[in-house]
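The residues making up each chain are set out below.
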Amino acid sequence: GKSVIFPFNSNIAFGSTNNSISVSTSGSMILNSNSISMNTTDFVRISNNVPLYFGNDNSTFITNTTNNNLQITNSDGNIDLTPQFSSGSINIPTYNYLNFGSSSNSIYSNGDKLILNGYSAVDITSSTISFAGDINIIGTLTANGFEWSETLGIQATGFASGFEATGVEKLYHGDSQGYI
């Protein structure tokens, strides 16, 4: 077959010049239309590392990298994950990490509990915190030894001994009222 060759910056217009296809001298294909419909029952394939830009500049785009990582980039604003319907959810499957900088600082669920990796502290900046279930916080290991929390609800009539940071053995005892 033979090709039909059009000069650069020439429009192939449909109905009017508002609906046209052209190619610039830099090789960019330009589609001019109020809307573009891709009617296919198969698929549209975009090669790796080819950004799909949104808006009038290059600040917002989606790219599939050669490592098959989907990158969503917006250098001018937020990236909002919003379900189409008000009753929708953003679902992150079990054992999929939400990483902050690297997988060493991450959050994930094992299906039973939420696991925080790599953080030295969790700050909650709310004046009111409500818990609907049990919270397993027993104590804190510090440079000066172990500090106990109130463990009301544990019917402990005895406890174990342990050595403090100074090497002194301490005995910890719980009464039948649940206090240590």
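Read on for a plain summary of the structure. (Residues numbered from 1 in each chain as written. Predicted model: local features only at pLDDT ≥ 70, side-chain atom pairs only at ≥ 80, totals over all residues. Heavy atoms only, no water.)

Regarding the overall build of the chain
Here is the rule we go by: Put simply, DSSP marks the helices as runs of H or I at least four residues long and the strands as runs of E at least two long, and each gets a number from the N terminus on. Here, residues are in contact when the closest pair of their heavy atoms is within 4.5 Å. For the accessible areas, the method is Shrake-Rupley and the probe is 1.4 Å, while residue cover comes only from the protein chains on display.
Helices and strands together make up the secondary structure of the chain, namely zero helices and 13 strands. When its helices and strands are written in sequence order, the chain yields β-β-β-β-β-β-β-β-β-β-β-β-β. For the chain, the share of sequence-separated contacts (at least 6 apart) that also reach a separation of at least 24 residues comes to 5%. Roughly 15,400 Å² of accessible area belongs to the chain as shown, and the carbon and sulfur atoms make up 51% of that amount.

Let's talk about the side chain of Ser59
How we decide: Only protein chains enter the accessibility calculation, which uses a 1.4 Å probe. A residue is then buried if its area is under 20% of the maximum for its type, exposed if over 50%, and partly exposed in between. The term polar contact refers here to a pair of N or O atoms within 3.5 Å; inside protein, the definition further demands a hydrogen-donor-capable atom paired with an acceptor-capable atom, and it admits residues adjacent in sequence only when both atoms are side-chain atoms.
Looking at the element boundaries, Ser59 is found in the loop between strand E4 (52-53) and strand E5 (60-64). Classification of Ser59 by relative accessible area gives buried; the value is 8%. A distance of 2.8 Å separates the side chain of Ser59 from the side chain of Asp76, its partner in a polar contact. Apart from the residues within four sequence positions on either side, Ser59 is in contact with Thr73, Asn74, Ser75 and Asp76.

Structural notes on the sheet that holds strand E2 (residues 16-23)
Note the cut-off: Strand pairing is defined by DSSP finding a minimum of two bridges between the two strands. Think of each axis as a best-fit line through the C-alpha atoms, taken over the contacting stretch in the case of a helix, with angles from 0 to 180 degrees between the N-to-C directions.
The sheet built from three strands is open, its strands ordered E1-E2-E3 with antiparallel pairing. With partners counted over all chains shown, the strands left at the sheet margins are strand E1 (12-14) and strand E3 (29-32), one partner each. Between one strand axis and the next, the sheet turns through 20 degrees on average, direction left out of account. Pairing geometry for E2 and E3, over four bridges, is antiparallel. The residue of E3 that forms the bridge with Ile21 is Leu31.

Some points on the sheet that holds strand E9 (residues 114-117)
If you walk across this open sheet you meet the three strands as E7-E8-E9, and the pairing is antiparallel. Among the strands making up the open sheet, the edge pair consists of strand E7 (98-100) and E9. In this sheet, adjacent strand axes meet at a mean angle of 20 degrees when their direction is disregarded.

Some details on the packing of aromatic side chains
Here is the rule we go by: Stacked, tilted and edge-to-face are the three classes applied to pairs of Phe, Tyr and Trp rings, where Trp contributes its six-membered ring and a pair requires centres within 6.5 Å; stacked means planes under 30 degrees apart, edge-to-face means over 60, and tilted covers the rest.
The full count for this structure, using the stated rule, is three aromatic pairs. Taken together, the ring pairs in this structure connect Tyr95, Tyr97 and Tyr108 into an aromatic cluster.

Describing the pairing of E2
Of the pairings in the sheet, the one linking E1 to E2 comprises three bridges and is antiparallel in character. The residue bridging Ala13 from the neighbouring strand is Ser20, located in E2. Joining the antiparallel neighbours E1 and E2 is a turn of one residue, in which Gly15 adopts a positive phi near 80 degrees. Where E2 folds back onto E3 in an antiparallel hairpin, the turn is made up of five residues, including Gly27, whose phi is positive at roughly 95 degrees.

Brief notes about the layout of surface pockets
Cut-off, in case you're wondering: Both site types are read off a 1 Å grid over the protein atoms alone. A 1.4 Å probe that fits but cannot get out defines a cavity, while an open set with protein on both sides within 12 Å along at least five of seven lines defines a pocket; lining residues have an atom within 4 Å of a point. Grid points are joined across faces, edges and corners, and a volume is the space filled by probe spheres set on the points. Classes in brief: Ala, Val, Leu, Ile, Met, Phe, Trp, Tyr, Cys and Pro nonpolar; Asp, Glu, Lys and Arg charged; the others, Gly included, polar.
Estimated volume of the second largest pocket: approximately 220 Å³. In terms of lining, the second largest pocket is formed by Ile79, Leu81, Ile92, Tyr97 and Leu98. Tallied by class, residues from the lining of the second largest pocket come to five nonpolar, no polar and no charged.

Some remarks on unusual backbone geometry
Positive phi is not limited to glycine here, since Asn49 has a value of about 65 degrees. Structurally, Asn49 can be placed in the loop between E3 and E4. Unusually for a residue other than glycine, Asn68 sits at a positive phi of about 60 degrees. Relative to the assigned elements, Asn68 resides in the loop between E5 and strand E6 (70-74).

Overview of the environment of Pro7
Within the element layout of this structure, Pro7 appears in the segment before E1. Sequence separation of Pro7 and Thr25 is 18 residues, and the distance between their C-alpha atoms is 9.0 Å.

Considerations on the side chain of Ser24
Considering the arrangement of structural elements, one finds Ser24 in the loop between E2 and E3. On the basis of relative accessibility, which here comes to 13%, the residue Ser24 falls in the buried class. A polar side-chain atom of Ser24 sits 2.9 Å from a polar atom in the side chain of Ser26.

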